[in-house]
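Commentary on secondary and tertiary structure
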Amino acid sequence: MQGFFEIEHLSKRFGGLLAVDDVSFSVTQGEIFTIIGPNGAGKTTIFNLISLIYPASAGQIRFLGKDLGQMSPDQVVQRGIGRTFQNIELFAQATVLQNLLIGRHAHTPKRPLAEMFFTRSVRESELVNRRAVEKIIDFLDLAAYRDAIVAGLPYGVRKVVELARALCTEPKLLLLDEPSSGLNVEETDDMAYWIQDIRDELDITVLMVEHDMSLVSRVSDRVLAVNFGKVLAQGTPSDVQAHPDVIAAYLGQA
């Protein structure tokens, strides 16, 4: 049976440093799956390997039965994997609407001549993109910020805008890299609701890296713990948090 998303024996070496060491796991469609671990554990490196920002040193990444190893980063997005970043990566001097329309780039045919003359097909494509963006603006309650310049927005709003841009790519699998980092308690509560709604209302599977264990416990179906690039434990949030190797990784060995 074809799996939804699978990683097998994934490794990444930077010179003499083995940042990801023989990691394997799978994500089921409709699941919220979270990777946890101390700083420097290799969590974001795993995301960068999935996104093909880095080539893997060994192992295989499969999505909907297709090996991602031979694709380019833009093809990964077109295949149906969207992503946010731990450090917000928005166009600061553009508006929220403009940033979200950039998220539609993967679904816009490249037709330079038609775009130059703004043909009927180009106009129709623009309308499709605008409707898709407006749907996400409504979903994440961003209407009040639609025409605001990103640079002038509070940090918490910018985090939501980056989430919105990722959703505008129409992903089947959404990678969330530290979605609650820098957020206050109220903003983190909102983020938890949105993550669940993304899965339940938009039918998008979520693969998340997160430090906030209360958020992890609240939204995750399963959790993978890593440290020094190696898998420590995998299972329910409560089982993984109680695992002695995970406790030792976070608190130190007595």
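Structure: see above.
Let us look at the structure shown here. Note that the structure is a prediction, hence the values are computed from the model and not measured.

1. Things to note about helix α7 (residues 185-200)
Taking 1.5 Å per residue as the helical rise, α7 with its 16 residues ought to reach 22 Å, and the 23 Å between its terminal C-alpha atoms agrees with that figure. Every buried residue of α7 is accounted for by T188, M191, A192, W194, I195, I198 and R199. Of the residues flanking the start of α7, the one acting as N-cap is N184, its side-chain oxygen 3.1 Å from the backbone nitrogen of E186.

2. With respect to the environment of L176
Positionally, L176 belongs in strand β7 (residues 173-177). In the structure, L176 is positioned 73 residues away from A249 in sequence and 23 Å away in space, judged by C-alpha atoms. When sequence neighbours within four positions are dropped, the list of residues in contact with L176 reads F47, T84, L163, I195, V206, L207, M208 and V209.

3. Considering the packing of helix α6 (residues 155-167) against α7
Interaxial distance between α6 and α7 falls to 11 Å at its minimum, and their mutual angle equals 10°. Accordingly, the angle class assigned to the pair α6 and α7 is roughly parallel. On α7, the residues that touch G156, V160, L163 and L167 of α6 are E187, M191, W194 and I198. Split into classes, the residues belonging to the contact of α6 with α7 amount to six nonpolar, one polar and one charged.

4. Focus on the nonpolar core
In this structure, L140 and L167 are the most contacted members of the largest nonpolar core, which totals 34 residues. Listing elements by their share of this core, those giving two or more residues are α3 (96-102), α5 (120-139), α6, β7, α7, β8 (205-209) and α8 (213-219). It is α6 that contributes the most residues to this core, seven residues altogether. Beyond its immediate stretch of four places on either side in the chain, L140 contacts V160, L163, A164, L167 and W194.

5. Comments concerning the sheet that holds strand β5 (residues 66-67)
A sheet is described by the order of its strands in space; here four strands give the open sequence β2-β1-β4-β5, paired in antiparallel fashion. Looking at strand neighbours, the two that pair on one side only are β2 (17-27) and β5, the edges of this open sheet. Here two bridges tie strand β4 (residues 58-63) to β5, and the two strands are oriented antiparallel to one another. Opposite F63, over in β5, you have K66 as the bridge partner. Along the sheet face, helix α1 (residues 43-50) touches β1 (5-14), β2 and β4 and points at about 110° away from the line of β1.

6. Quick word on α1
Of all eight residues that make up α1, seven are buried, and the element is covered over most of its length. The set of residues buried in α1 consists of K43, T45, I46, F47, N48, L49 and I50.

7. Side note on the pattern of salt bridges
Summed over the entire model, instances satisfying the criterion amount to eleven salt bridges. Salt-bridge contacts for E6 lead to R62; the nearest nitrogen and oxygen are separated by 3.1 Å. Of the two residues, E6 is situated in strand β1 and R62 in strand β4; the sequence distance between them amounts to 56 residues. Looking at R62, the relative accessible area reads 16%, which means it is buried. If you follow the salt bridges from partner to partner, you end up with E6, E8 and R62 in one network.

8. A short note on the pairing of β4
Pairing of β1 with β4 involves five bridges; the strand directions are antiparallel. Bridging across to β4, I7 finds its partner in I61. Taking the residues that link successive antiparallel strands as the turn, the β4-β5 hairpin has two residues, and the phi of L64 there is positive, at about 55°.

9. Focus: a negative patch on the surface
Residues D138, D141, E186 and D190 make up a contiguous surface patch of negative charge. With respect to the helices and strands, D190 occurs in helix α7. The exposure class assigned to D190 is partly exposed, which follows from its relative accessible area of 32%.

10. Some words on the environment of A148
Within the element layout of this structure, A148 appears in the loop between α5 and α6. When its relative accessible area of 22% is taken as the criterion, A148 is described as partly exposed. As for A148 and L97, which are separated by 51 residues in sequence, their C-alpha atoms are 8.2 Å apart. Not counting residues within four places of it along the chain, the set of residues in contact with A148 comprises A94, T95, V96 and L153.

11. Section: the packing of aromatic side chains
On inspection of all chains with the given rule, the structure shows five aromatic pairs. Ring geometry for F14 against Y54: centres 5.1 Å apart, planes inclined by 80°, an arrangement best described as edge-to-face. Highlighted residues: F14 in strand β1 and Y54 in the loop between α1 and β4, separated in sequence by 40 residues. With a relative accessible area of 35%, F14 lands in the partly exposed category.

Criteria and cut-off values
- Residues numbered from 1 in each chain as written.
- Predicted model: local features only at pLDDT ≥ 70, side-chain atom pairs only at ≥ 80, totals over all residues.
- Heavy atoms only, no water.
- Helix = DSSP H or I, 4+ residues; strand = E, 2+ residues; numbered from the N terminus.
- Expected span 1.5 Å × (residues − 1).
- Buried < 20%, exposed > 50% of the residue type's maximum accessible area, 1.4 Å probe, protein only.
- Polar contact = N/O pair within 3.5 Å; in protein donor to acceptor, adjacent residues only side chain to side chain.
- Contact = heavy atoms within 4.5 Å.
- Axes fitted to C-alpha atoms, helices over the stretch in contact; angles between N-to-C directions.
- Parallel < 35°, antiparallel > 145°, perpendicular 65-115°, else oblique.
- Nonpolar A, V, L, I, M, F, W, Y, C, P; charged D, E, K, R; others polar.
- Core = buried A, V, L, I, M, F, W, Y, C linked by side-chain atoms within 4.5 Å.
- Pairing = 2+ DSSP bridges.
- Salt bridge = Lys/Arg side-chain N within 4 Å of Asp/Glu carboxyl O.
- Patch = residues over 30% accessible without salt bridge, like charges linked within 9 Å, V, L, I, M, F, W, Y side chains within 5 Å.
- Areas by Shrake-Rupley, 256 points an atom, 1.4 Å probe, with all protein chains shown as cover.
- Lys, Arg positive; Asp, Glu negative; His and termini not counted.
- Charge placed at Lys NZ, Arg CZ, Asp CG, Glu CD.
- Phe/Tyr/Trp six-rings, centres within 6.5 Å; stacked < 30°, edge-to-face > 60°.

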